Amino acid sequence: MKKKSIIWIAAIAALSTVFSGCGAYKENLASNLMAQLNGRFQITRSPQQQFYDLTTGLQVRVEPTQPQPSMDKTIRSMSNLGVFQTPTITYVKSMDFKEMNSGQDYTLTIRLTRVDINTWNGQVDVTLGVKLTDASGSSVFNQESMTSETNAVAVDKALNEAYTRALEQINWMQIASFLKVEKLAKKEPTKQVEGLGTTALEQTIVRWDIQSRPQGADIFWRVVSKTPDVKSTNNKYLTSTPYEATKAIDIRGLTYQTAGNVRIILRCEKDSYLPQEKEYDVRMVIDQEEISAFFRLVKEE
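Described in the following lines is the structure provided in the data block.

Definitions and limits used
Residues numbered from 1 in each chain as written. Predicted model: local features only at pLDDT ≥ 70, side-chain atom pairs only at ≥ 80, totals over all residues. Heavy atoms only, no water. Helix = DSSP H or I, 4+ residues; strand = E, 2+ residues; numbered from the N terminus. Buried < 20%, exposed > 50% of the residue type's maximum accessible area, 1.4 Å probe, protein only. Contact = heavy atoms within 4.5 Å. Areas by Shrake-Rupley, 256 points an atom, 1.4 Å probe, with all protein chains shown as cover. Pairing = 2+ DSSP bridges. Axes fitted to C-alpha atoms, helices over the stretch in contact; angles between N-to-C directions. Polar contact = N/O pair within 3.5 Å; in protein donor to acceptor, adjacent residues only side chain to side chain. Arc of directions from axis to C-beta. Core = buried A, V, L, I, M, F, W, Y, C linked by side-chain atoms within 4.5 Å.

### Points about the overall build of the chain
Turning to step 1, where the next piece is worked out: Helix and strand counts for the chain come out as five helices and 12 strands.
Turning to step 2, where the next piece is worked out: Here the chain holds 301 residues, and 39% of them are scored as buried.
Turning to step 3, where the next piece is worked out: Of all intrachain contacts in the chain linking residues separated by at least 6 positions in sequence, the fraction that spans at least 24 positions is 68%.
Turning to step 4, where the next piece is worked out: Total accessible area on the chain stands at roughly 17,600 Å², and carbon and sulfur atoms take up 49% of it.

### A closer look at the sheet that holds strand S8 (residues 236-240)
Turning to step 1, where the next piece is worked out: Overall, antiparallel pairing links the four strands, which are arranged S8-S7-S10-S11 in an open sheet. Edge positions in the sheet fall to S8 and strand S11 (276-281), since each has one partner strand and no second. On average, each strand axis in the sheet is inclined to that of its neighbour by 25°, with strand direction left out of account.

### Concerning the pairing of strand S10 (residues 262-269)
Turning to step 1, where the next piece is worked out: Bridge count between strand S7 (residues 218-225) and S10: eight bridges; the pairing is antiparallel. Its bridge partner being in S10, Val224 is matched across the sheet by Arg263.
Turning to step 2, where the next piece is worked out: Strand direction decides the pairing type here: S10 and S11, joined by six bridges, are antiparallel. Residue pairing across strands places Cys268 opposite Gln276, the latter belonging to S11.
Turning to step 3, where the next piece is worked out: Count of turn residues in the S10/S11 antiparallel hairpin: six residues, of which Ser272 carries a positive phi of about 75°.

### Some points on the side chain of Ser79
Turning to step 1, where the next piece is worked out: Among the structural elements, Ser79 can be located in the loop between strand S2 (75-77) and helix H2 (85-93).
Turning to step 2, where the next piece is worked out: In this structure the side chain of Ser79 is engaged in a polar contact, spanning 3.1 Å, whose partner is the side chain of Ser77.
Turning to step 3, where the next piece is worked out: Once residues within four sequence positions are removed from consideration, Ser79 is found in contact with Pro64, Thr65, Gln66, Pro67, Leu112 and Val115.

### Notes on H2
Turning to step 1, where the next piece is worked out: Of all the residues in H2, the buried ones are Thr88, Ile89, Tyr91 and Val92. One face of H2 carries all of its buried residues, which in axial projection span an arc of 155°.
Turning to step 2, where the next piece is worked out: Buried residues along H2 sit against strand S1 (58-63), strand S3 (106-118), helix H3 (155-168) and helix H4 (172-177).

### Remarks on the nonpolar core
Turning to step 1, where the next piece is worked out: Of all hydrophobic cores here, the largest spans 41 residues; its most connected members are Phe97 and Trp172.
Turning to step 2, where the next piece is worked out: Of all elements in the fold, only helix H1 (2-40), S1, H2, S3, strand S4 (123-133), H3 and H4 reach the threshold of two or more residues within this core.
Turning to step 3, where the next piece is worked out: At seven residues, the largest contribution of residues to this core is made by H3.
Turning to step 4, where the next piece is worked out: Setting aside anything within four residues of it in sequence, one finds Trp172 in contact with Gln49, Phe51, Tyr91, Val92, Met95, Phe97, Leu108, Ile110 and Leu167.

Written as structure tokens, this is what we have:
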């Protein structure tokens, strides 16, 4: 009996050594992998969206979190590491989000809620908490973005892809909508159009809808001005009917204040038909954001 007991004790000790060695191997493997991931992290794709016409600035913060304890020793967390800080801020700024005025800027906080790596099977789980606050600190937008990726051979690629997709799933269009205040021409009554695209008048989009019967008539337009700041012009060929387009106002020297003294004349011509003209008050065009015309052409006798 004593011999059997000694054999069992030896077997148990051997198994303990094996399991202990296996645990140590996994621990070393996990530590080495995490060190590699720290040095290889990068966002794999540039953003597809660009926002050039924002009127309010944005400050970006990346907020790390303390990892949640896990009984599974193969699960390691990167949510408390600073490796994501610079690439994330660079990614956001590349969409033309930028700081403008520290007292009026909004703040975007991207919280690293979860960045977990299974060092044994290569699964990566990423959860980003997104919060947008206005200049007074009030929250105006919240979102949670979650992704998962698995690559047991190249875990660094799984991490990069999962994190990139989490960023791509953030509603950047919604965030941009809070940072854009539409300029109204009537709120800039004396600003002149200079062709630089910086005035509200130049950002006012006018819908042109010009029809004729019969179709295929030539359309010309000219400016007639009673203010010295705007020059009258000769007829300029526009296109043939039917014509539908959206165009910005580009009459040099024009202001909203003087627009009531400026006219746009449309002229419609077609062989064998009498020419016709229609006149439009530019102030009314700006307010209505539309030039609509229908020419019923009459044959020459």
